[in-house]
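# Overview (structure and organization)
One letter stands for each residue in the lines below.
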Amino acid sequence: TAPCDIYASGNTPCIAAHSTTRALYSAYTGALYQVKRGSDNTTISIAPKSKGGSANAAAQDTFCAGTTCLITIVYDQSGRENHLTQAPPGGFKGPESNGYDNLAGAIGAPVTLNGQKVYGVFVSPGTGYRNNKVSGSATGDAAEGMYAVLDGTHYNGACCFDYGNAETNNLDTGNGHMEAIYYGDNTVWGSGAGSGPWIMADLENGLFSGQGAKQNTADPSITYRFVTAIVKGKPGTWAIRGGNGASGTLSTFYSGARPTASGYDPMHKEGAIILGIGGDNSNGAQGTFYEGVMTAGYPSDTTENSVQADIVAAKYATTSLVSGPAYSVGGTVSFKATTPGFTDRYLAHTGATVNTQVISSASSTALKQAATWTIRTGLGNSGCYSFESRDTSGSYIRHYNFGLQVAVNDGSKAFKEDATFCPQSGFTGSGTSLHAWGYPTRWIRHYANIGYIASNGGVHQFDAAASFNNDATWAISTGLS
Ligand code: AHR
Ligand code: AHR
């Protein structure tokens, strides 16, 4: 059996089932998700390798070899065609043209299921998916349930990394117009015990950790690498449950009456489905989604406990975040440009600005050191790397507004994440290409001899598709000095 078979036997069938990692019905053989590649803008659908099985990630890897890929559609497996696609603008605009949100990069969240490599949906700030024309979802005060499996190490405090029921017009239409899982450490509305992150319910104009609008200490900080998160609601009652997606059972963090503030009892659910954003397209949050469903009816705890057992049996586990040439922590590295006409240049810095500079064996020691980086374990994720300046110890390459800088490590979570890069085999077939850990769609690139994290085509000049593969591929050697 699989999650949606279990919900069906509990008489609370899935009305939407989304996963890039596996089939959520034991009989499902259809498409799980669609990716689009940068080289020619064509798409491919990724299906389970076998009936009810895990995603054929190898098909994605083959299709995306030597280029970039975006997740364009997360298909609904329920048969209702409640697919998730690029979210449109609403109360807030997204970063893409016409105010659309970004799509997720296809390689940001590799994991294994029973040892088989698959990919989750890595949501960077600005990224979001939505469906405003959902068949069968709960509206008004009708009952529903939902769960999601998330990455408990990937979150932030912005609004709002959500999965669930939201407005159909992308606007904040008032209290009670949403009922979605939230995950992160936002404290603008509610919070739980400790410093977070927490599973909360986004009920619109509030992230709720319990009945009261503010802190409810029965809702614990939950930081497992894989988090199972549950929110459900029916007339007069709702609940938050959660647990470790890789082992053990679920706990109930809240179950009881609706918030007392006006508008939440009865609820005014509208029935759209969002992923990675708030109801009004607030899109500053980050997180990773592996799988989740929405149900008709209020699932019993027993049904959810069986779903949790199925998630644990799927055996989510971590895998390598890097590929290509090896980087050795504690050693030094220099990055030589591979773009024809620029191969005498290395990634260097002048003060805070990261640039490329022409360097030869005759260059000064100071210039060679400006283009030499000490390889450190990734400050924001130990599966990737950070690059400390050879001539300014304690300062690292980081991105800021998508430009690269050399800046002193201030110890903040944002700094550490912005200073973490994940090398892959080079786009051009040799060397290395490095994506920002927090923005898997963005790669270290030189443009007009300045360093950026760039997407392959996008709204910034430095995102230009022309010359992208060359500009984002680097020949590495040990440090120049
Ligand atoms: O409820 C929290 C957020 O408030 C919602 O996600 C958003 O629609 C509004 O800004
Ligand atoms: O960074 C040098 C060049 O500047 C890049 O190759 C090109 O994309 C841009 O014009």
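Structure: above.
Here is what the cut-offs are and how they apply
Residues numbered from 1 in each chain as written. Chains lettered and ligands numbered in written order. Predicted model: local features only at pLDDT ≥ 70, side-chain atom pairs only at ≥ 80, totals over all residues. Heavy atoms only, no water. Helix = DSSP H or I, 4+ residues; strand = E, 2+ residues; numbered from the N terminus. Contact = heavy atoms within 4.5 Å. Polar contact = N/O pair within 3.5 Å; in protein donor to acceptor, adjacent residues only side chain to side chain. Disulfide = S-S within 2.5 Å. Expected span 1.5 Å × (residues − 1). Buried < 20%, exposed > 50% of the residue type's maximum accessible area, 1.4 Å probe, protein only. Arc of directions from axis to C-beta. Salt bridge = Lys/Arg side-chain N within 4 Å of Asp/Glu carboxyl O. Pairing = 2+ DSSP bridges. Near = heavy atom within 4 Å. Areas by Shrake-Rupley, 256 points an atom, 1.4 Å probe, with all protein chains shown as cover. Nonpolar A, V, L, I, M, F, W, Y, C, P; charged D, E, K, R; others polar.

Here we come to the environment of serine 135. Position of serine 135 relative to the elements: it lies in the loop between strand E9 (129–131) and strand E10 (144–151). Between the alpha carbons of serine 135 and glutamate 81 there is a distance of 7.7 Å; along the sequence they are 54 residues apart. Ignoring sequence-local partners within four residues, the contact set of serine 135 consists of Ile15, Arg80 and Asn82. A polar atom in the side chain of serine 135 sits 2.8 Å from the side chain of arginine 80.

Moving on to the state of the cysteines. Among covalent bonds in proteins, the disulfide is the one between the sulfur atoms of two cysteines. One pass over the full model with this rule turns up 4 disulfides. In the chain, the bonded cysteines, numbered by position in the sequence, are linked as 1-2, 3-4, 5-6, 7-8.

Below, the discussion takes up helix H3 (residues 301–313). Look at H3: 18 Å from first C-alpha to last across 13 residues, which is about the 18 Å you get at 1.5 Å a residue. Residues of H3 that are buried: Thr303, Glu304, Val307, Gln308, Asp310 and Ile311. The buried side chains of H3 occupy one side of the element, clustering within an arc of 160° when seen end-on. Directly after H3, the chain includes lysine 315, whose backbone phi takes a positive value near 60°.

Within the structure shown, the criterion is met by 15 salt bridges. Note that lysine 232 and glutamate 304 form a salt bridge whose closest N and O atoms lie 3.0 Å from each other. One end of the pair, lysine 232, is in strand E15 (residues 226–234); the other, glutamate 304, is in helix H3, and 72 residues separate them in sequence. Residue lysine 232 is classed as buried on the basis of its relative accessible area of 1%. Its salt-bridge partner being arginine 241, residue glutamate 304 comes within 2.8 Å of it at the nearest N-O pair. Of the two residues, glutamate 304 sits in helix H3 while arginine 241 sits in strand E16 (residues 237–244), which places them 63 residues apart along the sequence.

Looking now at the pairing of strand E24 (residues 373–377). Of the strand pairs in this sheet, strand E21 (residues 332–337) and E24 are connected by 2 bridges, and their pairing is antiparallel. Looking at the pairing, threonine 332 lines up with threonine 374 of E24. Both E24 and strand E25 (residues 385–389) contribute to a ladder of 5 bridges, which runs antiparallel. From the neighbouring strand, tryptophan 373 faces E25, where its bridge partner is serine 389.

This paragraph deals with the site of ligand 1. Among the 13 residues in the neighbourhood of ligand 1, the closest are listed as Asp202, Glu204, Asn205, Gly206 and Asp280. Between ligand 1 and glutamate 204, the relevant distance is 2.8 Å, taken from an oxygen atom to a side-chain nitrogen or oxygen of the residue. Between an oxygen atom of ligand 1 and a main-chain N or O atom of asparagine 205, the distance comes to 2.9 Å. When the free accessible area of ligand 1 is taken as 280 Å², the share hidden by the protein chains comes to 94%. Looking at the shell around ligand 1 residue by residue, the classes come out as 4 nonpolar, 5 polar and 4 charged.

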